Amino acid sequence: MSVDTVGTRTDFPAEPPEHPTAPYLRMERIPHVWCPGCGIGTVVQCFATALERSGVDLDKASVVSGIGCSGRAAGYLKLDGFHATHGRAIPFATGLKLGRPELLVTVFSGDGDLSGIGGNHFIHAARRNMDLLVILINNFIYGMTGGQNAPTTPLTAKSSTMPFGNFEPPFNLPHLAASCGAPYVARWTCLHIRRLTWTLEEAIQRKGFRLVEVVAPCPPLYSRLNKLGTGLDGMSFYHDNAVIKHGADTRDLGIDFQESIVCGKFVDEEKPTFSELMDTHYDRVLGDKYVPMAPEGGWLHE
Amino acid sequence: MRPDPAGVLTGAHYLDGDFACGEGAMAAGCRFVAGYPITPSTEVVERISRRFPAMGGTFIQMEDELASMAAVVGAAWTGTKAMTVTSGPGFSLMMENIGLAAMMETPCVVVNVQRGGPSTGLPTMVGQGDVMQARWGSHGDYEVIALTPQSPQEAFDLTIDAFNLSERFRVPVMFMMDECVGHMTERVVIPEPEEIDVVPRVLTDKSPQEFEPYSVNGTEIPEFARAGDGYRFHTTGLTHDERGYPVMSVDCQETCVSRLLDKINDNADEIVRFEEEGIEDAEVVVVTYGITARVARLAIDLARAEGVKVGLLRLIVIWPFAERRIRDLARSVGAMVVPEINYGQLVLEVERCAGGRCPVVSVTHGGGGVHDPAVIAKKIIEAGASRT
């Protein structure tokens, strides 16, 4: 289509059609806070699409975020949304899930929030197999505070607090989750929108502690401090360097600075969740005396 | 309304304060407890973890107190009544999410069985050094409610009141026991369910279209919607408007935070509770709380034997503070004596309210034990003598 033909079109609708994702978003809060070239919005879009395709009852879906750029996602998704304290999204979500077991509870937050300040909660929720879908955006840096070193910053990469390059070994997050017993572990970059959406759709249907790590660019901080160009350059990098290896040994999933990023689904197994273990155990040892918490919550009343 | 009978262990029991507190929580309808082991509070959750499976309650031992408090706030947003239990070091870790509970206006109860501090302090021995932390411990301006029981019976009764107040005002309520009351075993009478008043979680009857989570319309306490009922609301620890959306502005901060303060301060007369003994003709009034009130009674007997006209003002609710009553008393009595198991915390509030109208004498104790009644009596007698 040439510029001329675009310029002479007269059949535009008076109102532009609603964006397909709009029903899943708090449109009154758009524009969002995320920077041009940031990958977080893409992941929100993929999650919204996955929710739509999965057909889950959105009234029973909650999203919990911590603090940071990715932590703002709970404020844009049109679900029951909880913007909790820094690092505490997982334990907050644990209370939500146990308080009303019928809910689908998703934690949507960043690498610093979930694996830095919240790292202890992350490993214990994985160990307990708490029934939570955890979407972890990994942009290798603390973005909201201005580009400080994260537990995920690759060796030698620069950050505002490692101006001469990072010398701390980073986490391999899929391996961390898998080694704690998580039954569903996957990683994509935010370039892989179709595969990420499929994975999220599948993860919504699974139960237990499900980690979906999404590598995303942070153009104004991580990319700028490391001279990696724009958001588009980040996408080109993912295109050229992401390697899809389903079922890869999670020990091999570490991410080195500007080296290949192994993506795919690494763990997908069935395991009883915390609540299932509790119910089974109490049924066995207490028999009829056991009264499980009602799906809609504890001791409800008019 | 009447409680769920499944949680009410009606009868006369021989219980320590920790167990009685746990029974009070279950009677009040608490069905979610998250906690982390810490002396001298752990018996509360041990009791609950044994009894919960038979009444549809869930106890989870979290990885730390940060997680415990966060889980309690999360559970409270499902409409399930929720509580956590700790002592000083854990209370410090909970401060972050106590602030979140205050900001999100989340009804919940935090039990602190106080031990000697600071830091690890005296894990198995008594203290009352967290009473200021209960009020000021999390950053920024907010108000809470805090109660102090003096006996296992009160540990039961006042735990129910703590839940009721948290529901009424949508605020985290601090239940400030001390190790002595927690580990003291006495007769505790648990009434029939028909004799217990429980404030239920009142859910909004507005439609999701007209509901805003922090809209108050001239009242001070917003209506509550819980997760999973189709309201698709948003709540945050950020400064927020009526919709629960973050707004970073001077005006929104003023509206948002001042209401957190006003809803407690404007209703202080309804919340504040104290008990007076022998105040009418008193020249000296002992102002105290918790286990120290029981020690003070012995001191008062000793001082009366010496001819001092002395009465007791026992604070039951310590936050909000009994400001009006202390101010009035300061006009009519000669002196106030404030014993507490710390180096002088609530005495600062007594001094503030007395406003120089009468001398206020602090009787400190570093913790690990209770006061020697003779030490308090000596202060009372000195205060009485300086009066005449």
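Every value quoted in this text rests on a predicted model; they were computed, and no experiment measured them. (Residues numbered from 1 in each chain as written. Chains lettered and ligands numbered in written order. Predicted model: local features only at pLDDT ≥ 70, side-chain atom pairs only at ≥ 80, totals over all residues. Heavy atoms only, no water.)

## Description of the packing of helix α3 (residues 65-76) of chain B against helix α4 (residues 88-104) of chain B
Residues and elements named next belong to chain B.
No. 1: At a minimum axis separation of 7 Å, α3 and α4 run at an interaxial angle of 25°. With respect to α4, the element α3 is oriented roughly parallel. Considering the relative orientation of α3 and α4, their crossing is right-handed. Contacts from E65, L66, S68, M69, A70 and V73 in α3 reach G90, L93, M94, E96, N97, I98, L100, A101 and M104 in α4.
No. 2: Looking at side-chain class alone, the contact of α3 with α4 contains 10 nonpolar, 3 polar and 2 charged residues. (Axes fitted to C-alpha atoms, helices over the stretch in contact; angles between N-to-C directions. Helix = DSSP H or I, 4+ residues; strand = E, 2+ residues; numbered from the N terminus. Parallel < 35°, antiparallel > 145°, perpendicular 65-115°, else oblique. Left-handed = near helix turned anticlockwise from the far one by under 90°. Contact = heavy atoms within 4.5 Å. Nonpolar A, V, L, I, M, F, W, Y, C, P; charged D, E, K, R; others polar.)

## Notes on the interface of chain A and chain B
Interfaces are often sized by the accessible area lost when the parts come together.
No. 1: Contact residues are listed per partner, giving 49 residues for chain A and 53 residues for chain B.
No. 2: Summing both sides of the interface, chain A and chain B together bury roughly 4,000 Å²; the carbon and sulfur share of this comes to 59%.
No. 3: There are 4 salt bridges connecting chain A and chain B.
No. 4: A salt bridge links R232 of chain B to D59 of chain A; its shortest N-O distance comes to 3.0 Å.
No. 5: When residues of the side of chain A that touches chain B are traced back to their parent elements, those giving at least two are β2 (80-83), α3 (89-99), α5 (119-128) and α10 (274-286) of chain A.
No. 6: Residue contributions to the side of chain A that touches chain B peak at 7 residues, all from α3 of chain A.
No. 7: Along the lines of polarity and charge, the residues of the side of chain A that touches chain B split into 21 nonpolar, 15 polar and 13 charged.
No. 8: For β2 of chain A and strand β10 (residues 234-236) of chain B, the ladder comprises 3 bridges, and the chain directions are parallel. In the sheet register, G81 of chain A faces β10 of chain B, and the bridge partner there is H234 of chain B. (Buried area = accessible area lost by both parts, 1.4 Å probe. Salt bridge = Lys/Arg side-chain N within 4 Å of Asp/Glu carboxyl O. Pairing = 2+ DSSP bridges.)

## Regarding the sheet that holds strand β15 (residues 335-339) of chain B
Neighbouring strands of a sheet are bound in pairs by backbone hydrogen bonds; such pairs are parallel or else antiparallel.
Residues and elements named next belong to chain B.
No. 1: Sheet architecture is open: 5 strands sit in the order β11-β13-β12-β15-β16, paired in mixed fashion. Because the sheet does not close on itself, it has two edges, and the strands there are β11 (274-277) and β16 (360-363). Across this sheet, the average inter-strand angle for adjacent strands is 20°, counted without regard to direction.
No. 2: Contacting β11, β12 (284-289), β13 (310-315) and β15, helix α10 (residues 291-305) runs over the sheet at an angle of about 175° to β13.

## What about the sheet that holds strand β1 (residues 61-65) of chain A?
No. 1: Spatial strand order, β9(A)-β10(A)-β7(A)-β8(A)-β4(A)-β3(A)-β1(A)-β2(A)-β10(B): 9 strands in an open sheet with mixed pairing. On the outer flanks of this sheet lie β9 (242-244) of chain A together with β10 of chain B, each paired with one strand and no other. Strand after strand, the sheet turns through a mean of 20° between neighbouring axes, direction not considered.

## Brief notes about α3 of chain B
No. 1: With 12 residues, α3 of chain B should cover 16 Å at 1.5 Å per step; its first-to-last C-alpha distance of 16 Å lies within 8% of that length.
No. 2: Among the 12 residues that make up α3 of chain B, 12 are buried, leaving the element largely enclosed by the rest of the structure.
No. 3: Three or more residues of α3 of chain B are buried, namely E65, L66, A67, S68, M69, A70, A71, V72, V73, G74, A75 and A76 of chain B.
No. 4: Where the residues of α3 of chain B are buried, they touch α3 and α5 of chain A together with β2 (32-35), β4 (82-86), α4 and β5 (108-116) of chain B. (Expected span 1.5 Å × (residues − 1). Buried < 20%, exposed > 50% of the residue type's maximum accessible area, 1.4 Å probe, protein only.)

## So, empty space enclosed by the protein
Think of a ball as big as a water molecule: rolled over the atoms, this probe shows where empty space is left.
Residue and element names in this part refer to chain A.
No. 1: Scanning the entire structure with this criterion turns up 3 cavities of 30 Å³ or more.
No. 2: Considered as a void within the structure, the largest cavity measures approximately 60 Å³ in volume.
No. 3: Every residue along the wall of the largest cavity is listed here: N138, F140, T152, P170, F171, N172, L173, R187, E213 and I255.
No. 4: Of the residues that constitute the lining of the largest cavity, the class distribution is 5 nonpolar, 3 polar and 2 charged. (1 Å grid on protein atoms, 1.4 Å probe; cavity = no way out; pocket = protein on both sides within 12 Å on 5 of 7 lines; lining within 4 Å. Points joined across faces, edges and corners; volume = space filled by probe spheres on them.)

## A closer look at the state of the cysteines
Each disulfide consists of one covalent bond between the sulfur atoms belonging to two cysteines.
No. 1: Taken as a whole, this structure holds 0 disulfides over all chains when the rule is applied.
No. 2: Unpaired in this structure, C218 of chain A has its nearest cysteine sulfur neighbour in C69 of chain A, at a distance of 6.5 Å.
No. 3: We note that C252 of chain B lacks a disulfide partner, and the nearest cysteine sulfur, in C256 of chain B, lies 5.8 Å from it.
No. 4: We classify C252 of chain B as buried; its relative accessible area is 8%. (Disulfide = S-S within 2.5 Å.)

## Details of the domain arrangement of chain B
Residues and elements named next belong to chain B.
No. 1: If you check the domain split of chain B, you get domain 1 (5-195) and domain 2 (273-387).
No. 2: Taking only C-alpha atoms, the centre of domain 1 and the centre of domain 2 are 27 Å apart.
No. 3: Summed over both sides, the interface between domain 1 and domain 2 buries roughly 2,100 Å², with carbon and sulfur atoms accounting for 56% of that surface.
No. 4: Within the residue set of the side of domain 1 that touches domain 2, elements represented by two or more residues are β6 (122-126), α5 (131-136), β7 (145-147), α6 (152-169) and α7 (179-183). (Domains from an automatic or database assignment.)

## Some words on the packing of aromatic side chains
No. 1: Going through the model one piece at a time under the given rule, you end up with 13 aromatic pairs over all chains.
No. 2: Where F82 of chain A meets F233 of chain B, the ring centres are 5.6 Å apart and the plane angle is 90°; that geometry is what we call edge-to-face. On the criterion of chain membership, the pair formed by F82 of chain A in strand β2 and F233 of chain B in the loop between β9 (185-190) and β10 is interchain, its members lying in two chains.
No. 3: Assessed through its relative accessible area of 0%, F82 of chain A is described here as buried.
No. 4: Residues F211 of chain B and Y231 of chain B carry aromatic rings whose centres are separated by 5.2 Å and whose planes lie at 70° to one another, so their mutual orientation is edge-to-face. With a gap of 20 residues between them, F211 of chain B in the loop between β9 and β10 and Y231 of chain B in the loop between β9 and β10 connect regions that are remote in the sequence.
No. 5: By relative accessible area, which is 15% here, Y231 of chain B ends up buried. (Phe/Tyr/Trp six-rings, centres within 6.5 Å; stacked < 30°, edge-to-face > 60°.)

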